[in-house]
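Here are the chains, one letter per residue:
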Amino acid sequence: MADFVGFAPTMVLYGGLILLPIGLAVALSFYSWNGIGKMRYVGGANWAQFFHDPIAGHSLEVTGVLVLASWLVQTPLSMALGMFVAGRQRYRAVYAAFYLLPLLLSTAGIALMWQSLLDPNFGGIAWLGEHLGMPFLHQNWLGGNSTALWTIVFLIAWQFVPFHTLLYQMGRKQIPDVLYEAAALDGITPWQQFLHITLPQLRYTIVVSSTLIVVGSLTYFDIIYILTVGGPGYTTRVLSLDMYLEAFTNLSFGYASVLAVVLGVIGIAVALVLVRITGFSSMESQREGMA
Amino acid sequence: MSVSAPGLRLRACAPARPGLAARMRRAGHHLRARPGRAVAFVLGTVWLVVVLAPIYFMVLSSLRNEGTYITANPWVPTGGLTFSEYSTVFHAGLGTYFVNSVIVTGSSVVLTLTLSLAMSFRVIRRTSRFAGWSLRLVIFGLAIPIQALIVPLYVIILKLGIYDTLLALILTLSASAIPVAVLIMLSFIRDIPRELIDAMAVDGAGEWRIFGRLIVPLSRPVLATLGIYTGLNVWNNFLIPLVLTQSNGTAVLPLGLYKFQGEYGIDVPAIMAAVLLSVIPLVVLYVAMRRQFVRGLSGVGLR
């Protein structure tokens, strides 16, 4: 009875707004519905459409590029910054406090801030390009076919590197000093020290941080929706945005549900694979090498 | 992901080989003059500039007006600064968005913490199979991206008749926060010594009493961490309000900022002022309780 009282409210809320939608997304993917009128069962028609939809295929590609680029940019950068702020000098703690500032801003706030900074006419970046003799800075970053996606990658990094820096800083602080003292006797260089002590000891942090980066950028939506709505053309149209636009702009709720199911399945698969290949020994590896 | 061979690590910890004295001298040398430190300082400072410059630009721009924003140097505080845009946006509805955000965030945090604490307590005191199954279902939710659920969520909220209400946001955001909250809460509550609970039970305390007198007080630190973590996520969420509300009266801050951009268009100083006003509560929190805040921020990374 006590179990029931403790669990029931959570399960009603969670069941109704997380579990039920999962089932409903799958069910809706077999219907044609514009959100207002009658639902019509169409069998696998939406799914057939998906496999012949060049836009969906393209948005899958863009999503893949975004995920890969985000991981490649954010991981080394946050790791380096995390090691930096975990150092002993006093000034680094001050830097660390400022590094966290982007985490206070909402995604909408970050998007609007960068929109004015990157404005090709009156933006702060364009001004620098014009007045400091760096003409390459003076371009339409978010409106250019070749720059838009990379600009988005940078903005996402600006938003999330602070968080991952924090993870790496904490990971570094948990490594016992003993390991470094022993290594110092061996006279190894700082680079060897990083390679042979720090990096292996950070395994758990790397797993957590990478999983969050990959899953997070896989479903990334906010900044792209506010700044480019997938454009110019389809260059920044990621899968989650494609799904949103199919549902709430094209009013094809059935087809959008197909995209939702695809997104959900990829998300779950990626999370499971990452945990599997990297997470098995992560728990015990935390204190490994202590002897 | 690079994971080095265990052998390398062992060698690093192995006792020093012959020539110890020479090696120690070299080690000492490394401690004294590392060129790496200078490089680290330079690169660390570059990132500091990357972080602070946009924020500085935003603050400075918010102190202009439509005219001076275009004419003045965007990086130097000369040529007339004013707070007028702040009062403009405040009177243009930012106050309403602000109140909505406070209501939604406050309610969601209370609801999430209460439900996940109650559930975690029942998990460690479980007497039925129902408990185990529920827990498994909730943990499964960790892998579900909420973005994939917006279409069915919209349908359900519509059918429940609570579309375009703050209640819809509170329920949905709490539900999506539950898996992480339960996971963190559970790992904390498991460490509460079982003897304490058993001792209370032997003294005749019922489950409610154990919960209220023992579990809740002992969980205060994790409640603070989790509260900040959940609160930040709810406060900054954009997608759920975008899908589940539409009128100005129910807009929360992130959505309100987006609407401002639509209405004010080129009045950049007004938009920058609105962004800065929306972040004030978080800055105050950050300054007032930095330690807890940092712990809350990294909540998911901690075990």
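The structure under discussion appears in the preceding block.
Residues numbered from 1 in each chain as written. Chains lettered and ligands numbered in written order. Predicted model: local features only at pLDDT ≥ 70, side-chain atom pairs only at ≥ 80, totals over all residues. Heavy atoms only, no water.

(A) Structural view of the nonpolar core. In this structure, Leu66(A), Tyr244(A), Leu94(B) and Ile215(B) are the most contacted members of the largest nonpolar core, which totals 153 residues. Per-element tally for this core: the top contributor is helix α5 (residues 84-124) of chain B, with 14 residues. Both domains that meet at this core, namely domain 1 (4-62) and domain 2 (84-298) of chain B, each give it at least three residues. Dropping the residues within four chain positions of it, Ile215(B) is found in contact with Leu117(B), Phe121(B), Ile189(B), Ile192(B), Ile197(B) and Ile210(B). Residues Met79(A), Tyr168(A), Tyr180(A) and Ile197(A) belong to the second largest nonpolar core, which totals 13 residues. (Core = buried A, V, L, I, M, F, W, Y, C linked by side-chain atoms within 4.5 Å. Buried < 20%, exposed > 50% of the residue type's maximum accessible area, 1.4 Å probe, protein only. Helix = DSSP H or I, 4+ residues; strand = E, 2+ residues; numbered from the N terminus. Domains from an automatic or database assignment. Contact = heavy atoms within 4.5 Å.)

(B) Just a positive patch on the surface, in detail. A cluster of like positive charges, contributed by Arg126(B), Arg136(B), Arg190(B) and Arg194(B), occupies part of the molecular surface. Within the secondary structure layout, Arg126(B) lies in the loop between α5 and α6 (129-140). (Patch = residues over 30% accessible without salt bridge, like charges linked within 9 Å, V, L, I, M, F, W, Y side chains within 5 Å. Areas by Shrake-Rupley, 256 points an atom, 1.4 Å probe, with all protein chains shown as cover. Salt bridge = Lys/Arg side-chain N within 4 Å of Asp/Glu carboxyl O. Lys, Arg positive; Asp, Glu negative; His and termini not counted. Charge placed at Lys NZ, Arg CZ, Asp CG, Glu CD.)

(C) Focus on the pattern of salt bridges. Residues and elements named next belong to chain A. Tallied over the full model, the rule gives three salt bridges over all chains. As a salt-bridge pair, arginine 88 and aspartate 177 come within 3.8 Å of each other at their nearest N and O atoms. Here arginine 88, found in the loop between α3 (54-85) and α4 (90-99), pairs with aspartate 177, found in helix α8 (residues 177-185); they are 89 residues apart in sequence, far enough to count as distant. Of the residues examined, arginine 88 reaches a relative accessible area of 73% and is grouped as exposed.

(D) Focus on the interface of chain A and chain B. Opposite the 104 residues of chain A that make contact, chain B presents 107 residues. Regarding the contact of chain A and chain B, the summed buried area is about 9,200 Å², with carbon and sulfur atoms giving 77% of it. Our enumeration of links across chain A and chain B arrives at zero salt bridges. Summed over the shared surface of chain A and chain B, the result is 11 residue pairs in polar contact (both at pLDDT 80 or more). (Buried area = accessible area lost by both parts, 1.4 Å probe. Polar contact = N/O pair within 3.5 Å; in protein donor to acceptor, adjacent residues only side chain to side chain.)

(E) View of empty space enclosed by the protein. All names here are of chain B. The full count for this structure, using the stated rule, is three cavities of 30 Å³ or more. Each pocket or cavity is described by its volume, and for the second largest cavity that value is around 50 Å³. Around the second largest cavity, the lining residues are Ser101, Val104, Thr105, Leu169, Leu173, Val234, Trp235, Asn237, Pro241 and Val252. For the lining of the second largest cavity, the elements supplying multiple residues, two or more each, are α5, α8 (166-189) and α11 (220-236). No other element matches α5, which puts three residues into the lining of the second largest cavity. Classifying every residue of the lining of the second largest cavity by side-chain character gives seven nonpolar, three polar and no charged. (1 Å grid on protein atoms, 1.4 Å probe; cavity = no way out; pocket = protein on both sides within 12 Å on 5 of 7 lines; lining within 4 Å. Points joined across faces, edges and corners; volume = space filled by probe spheres on them. Nonpolar A, V, L, I, M, F, W, Y, C, P; charged D, E, K, R; others polar.)

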